[in-house]
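So the chains spell out like this:
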Amino acid sequence: MSNKDFRFLEIPRNPPRAVPVTIRVLGYGEISGDFAPDAAAGQAERCIDCGNPYCEWECPVHNYIPNWLKLVQDGRLFEAATLMHETNPLPEICGRVCPQDRLCEGACTLEQGDFGAVTIGSIERWVTDEAFRQGWRPDLSQVRETGRRVAVVGAGPAGLSCADRLRRAGIAVDVFDRQREIGGLLTFGIPPFKLDKSVVRTRRDVLEGMGVSFRLGVEIGRDIAFETLLDDYDAVFIGTGAYRFVDGELPGRELDGVHDALPFLIANVDRLLDDAPVPSALNLAGKHVVVLGGGDTGMDCNRTAIRLGAASVTCVYRRDEANMPGSAREVGYSREEGVRFLFHRQPLAILGGEGEVRAVRVVSTELVEGAHGRAQLRHVQGSETELRADVVIQAFGFRPSPPAWCAAYGITLDGSGRSLAGQNGRLPFQTEHPQVFAGGDNMRGADLVVRAVHDGREAAASIARMLAQAAVQKECAV
């Protein structure tokens, strides 16, 4: 083993410096700075190039992480960007929003040895940003056009990933979305301090340069019949996401001052895109805010409420911190910015006076051994208390909101509204309608961006395979 393999002993983990808390809470800019080229290369040198790279296997899209870290070490920026795109059509976005602490960096061998994981996510982000700045673009010069056309419904991460891979296979793509911009929740749900919207606009420029056509402000089933897509295109991919919030059915949820997480976040991003003032419904100045839920969406609500001027923000979660579904990094940012966390608290009701919120009634919880040794949650008798609240934001998760036309075309759904695909001998991600494929949150339920990217990539592979088989069969028939 060379001396270079021990660079992690000389170079500590050192991610880009975050904007100081006192400054970042005043606006919506991304809070992480960027690497200088020498710093990125130095951090990449910490990789020990494991024979069986756990980081690569833990990554949902199985990025060739040690390989492109080596290219960064050698200063081969464009080659690193090209290699990243072989597995991930949206690396600059995943580098920002993936919970690396639970995925690649959490599995890093150095992390297991208490040396601190390689800063994989930050390097991924830097490579793509810098390559774009220097003019790198995907090379499609060797792509042969097939004459086939595919419609993609939904311009979120699954749809964008699918469109990228279809173009690389020489298939023409039209992407339809009801919103005015691409990205889905990347644009309208994730706050700008996690993902600046210029990043998504750059990706749109890249995809359009690859030949992808976007038809925005168009809702399938309202502006264009789904039947038209089936007639005009060789295949259709559905990536409509999960926008239907989980209703905690708390008494008092109808009171003024109660928000559901996604409409709250979307309304704020919408007004930021328009550079509009804060509307009265989002004016939290001087108010006490309680956020219910411990996922990444709850953390987004926490940090947005701080920037909207809340006097206090309290995040309530029914289990302990170790069991929170959100990224530890996002929990840490929330805490740094002044959010108070209450663990082992279950909300029971939202209390009001004169039609407005005044408090949330919660009960303490404890974990007890349940059936088959699995811990279950139990309320602690006599532990009910009230938390002062002027505003309550419910962040209990999301479910798919399947378009009404699915049933009419044999696109089977399960009881929670998820599209069923890849079953009964079908190709991966192919629905019961052989011309229609699905992936992302509308098939999985609310999940990570990187898993939606994976689904779009793999669905495109299945579509290309189906169309190639059809072409061969047509030639044989002739």
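Residues numbered from 1 in each chain as written. Predicted model: local features only at pLDDT ≥ 70, side-chain atom pairs only at ≥ 80, totals over all residues. Heavy atoms only, no water.

Colleague: Report on the side chain of Glu 337, specifying residues and quantitative values.
Modeller: Within the secondary structure layout, Glu 337 lies in the loop between α17 (328-336) and β9 (340-342). In terms of polar contacts, Glu 337 uses its side chain to reach the side chain of Arg 24, at 2.8 Å. Side-chain polar atoms of Glu 337 contact the side chain of Arg 303, separated by 3.2 Å. In this structure, Glu 337 is in contact with Val 21, Arg 24, Val 25, Arg 303, Ile 306 and Arg 307, ignoring residues within four places of it in sequence. (Helix = DSSP H or I, 4+ residues; strand = E, 2+ residues; numbered from the N terminus. Polar contact = N/O pair within 3.5 Å; in protein donor to acceptor, adjacent residues only side chain to side chain. Contact = heavy atoms within 4.5 Å.)

Colleague: Tell me about the pattern of salt bridges, and name the residues and values.
Modeller: Any two side chains of opposite charge can pair, so long as their charged atoms come close to each other. Within the structure shown, the criterion is met by 38 salt bridges. Between Glu 145 and Arg 167 there is a salt bridge, with the nearest N and O atoms lying 2.9 Å from each other. Here Arg 167 lies in helix α11 (residues 157-168) and Glu 145 lies in the loop between α10 (120-133) and β1 (149-153), a separation of 22 residues in the sequence. Take Glu 145: its relative accessible area is 51%, and that puts it in the exposed class. Taking the relative accessible area as the measure of exposure, Arg 167 reaches 8% and is therefore buried. Across the salt bridge formed by Asp 174 and Arg 149, the nearest N and O atoms sit 3.4 Å from each other. Residue Asp 174 is located in strand β2 (residues 172-177), and its partner Arg 149 is located in strand β1; the two are separated by 25 residues in the primary sequence. (Salt bridge = Lys/Arg side-chain N within 4 Å of Asp/Glu carboxyl O. Buried < 20%, exposed > 50% of the residue type's maximum accessible area, 1.4 Å probe, protein only.)

Colleague: An account of unusual backbone geometry is needed here, citing residue identities and associated values.
Modeller: Residue Asp 49 is not a glycine yet carries a positive backbone phi of 50 degrees. Note that Asp 49 resides in the loop between α3 (37-44) and α4 (54-58).

Colleague: An account of the packing of aromatic side chains is requested, with residue identities and associated values reported.
Modeller: Counted according to the given criterion, the structure contains 7 aromatic pairs. Ring geometry for Phe 8 versus Phe 115: centroids 4.8 Å apart, planes at 70 degrees, classification edge-to-face. On the criterion of sequence distance, the pair formed by Phe 8 in helix α1 (residues 7-10) and Phe 115 in the loop between α9 (109-112) and α10 is long-range, its members being 107 residues apart. Here Phe 8 falls in the buried class, since its relative accessible area comes to 12%. On the basis of relative accessibility, which here comes to 40%, the residue Phe 115 falls in the partly exposed class. Judged by centre distance (6.5 Å) and plane angle (20 degrees), the ring pair of Tyr 28 and Phe 193 falls under stacked. Taken together, the residues Tyr 28 in the loop between α2 (21-24) and α3 and Phe 193 in the loop between α12 (185-188) and α13 (197-209) connect sequence positions 165 residues apart. When its relative accessible area of 15% is taken as the criterion, Tyr 28 is described as buried. By way of ring pairs, the aromatic residues Phe 226, Trp 405 and Tyr 409 are connected into one cluster. Here the guanidinium or amino end of Arg 149 rests over the ring plane of Tyr 233, the centre of that ring lying 4.3 Å away. The residue whose ring lies beneath Arg 307 is Phe 193, and the NZ or CZ to ring-centre distance is 4.2 Å. (Phe/Tyr/Trp six-rings, centres within 6.5 Å; stacked < 30°, edge-to-face > 60°. Lys NZ or Arg CZ within 6 Å of the ring centre and 35° of its normal.)

Colleague: Hey, could you go over the layout of surface pockets for me, with residue numbers and the actual values?
Modeller: What the second largest pocket holds in volume is close to 520 Å³. Surrounding the second largest pocket, 28 residues form its lining, Ser 32, Gln 100, Ser 122, Arg 329 and Tyr 333 being those nearest its centre. Only α7 (91-97), α8 (104-107), α10 and α17 provide two or more residues apiece to the lining of the second largest pocket. Examining the composition of the lining of the second largest pocket, we find that 4 residues originate from one element, α17, more than from any other. Tallied by class, the residues present in the lining of the second largest pocket amount to 8 nonpolar, 8 polar and 12 charged. (1 Å grid on protein atoms, 1.4 Å probe; cavity = no way out; pocket = protein on both sides within 12 Å on 5 of 7 lines; lining within 4 Å. Points joined across faces, edges and corners; volume = space filled by probe spheres on them. Nonpolar A, V, L, I, M, F, W, Y, C, P; charged D, E, K, R; others polar.)

Colleague: With reference to specific residues and values, describe the environment of Ala 359.
Modeller: Summarising the element assignment, Ala 359 is placed in strand β11 (residues 356-369). For the pair Ala 359 and Val 289, spaced 70 residues apart in sequence, the C-alpha to C-alpha distance is 9.7 Å. With near-sequence residues (within four places) excluded, Ala 359 lies in contact with Ala 349, Ile 350, Leu 351, Glu 386, Leu 387, Arg 388 and Ala 389.

Colleague: Lay out the pairing of strand β8 (residues 312-316) in plain terms, naming residues and giving numbers.
Modeller: Within β8, 4 of the 5 residues are buried, leaving the element largely enclosed by the surrounding structure. Note that strand β7 (residues 288-292) and β8 share 5 bridges and pair parallel. When the bridges of β8 are listed, Leu 292 appears paired with Val 316. Across 3 bridges, the pairing between β8 and β9 is parallel. Among the inter-strand pairings, Val 316 is bridged to a residue of β9, identified as Leu 342. Assessed by its sense of winding, the connection that carries the chain from β8 through α17 to β9 is right-handed. (Pairing = 2+ DSSP bridges. Right-handed = clockwise from strand over helix to strand, strands pointing away.)

Colleague: Can you tell me about the packing of α11 against helix α19 (residues 449-477), naming the residues and giving the values?
Modeller: One can describe the packing of α11 onto α19 by two numbers: an axis separation of 7 Å at closest approach and a directional angle of 35 degrees. Here α11 runs over α19; the crossing is right-handed. Here α11 contributes Pro 157, Ala 158, Ser 161, Cys 162, Arg 165 and Leu 166 to the contact with α19, which in turn contributes Val 449, Ala 452, Val 453, Gly 456, Arg 457, Ala 460 and Ile 463. (Axes fitted to C-alpha atoms, helices over the stretch in contact; angles between N-to-C directions. Left-handed = near helix turned anticlockwise from the far one by under 90°.)

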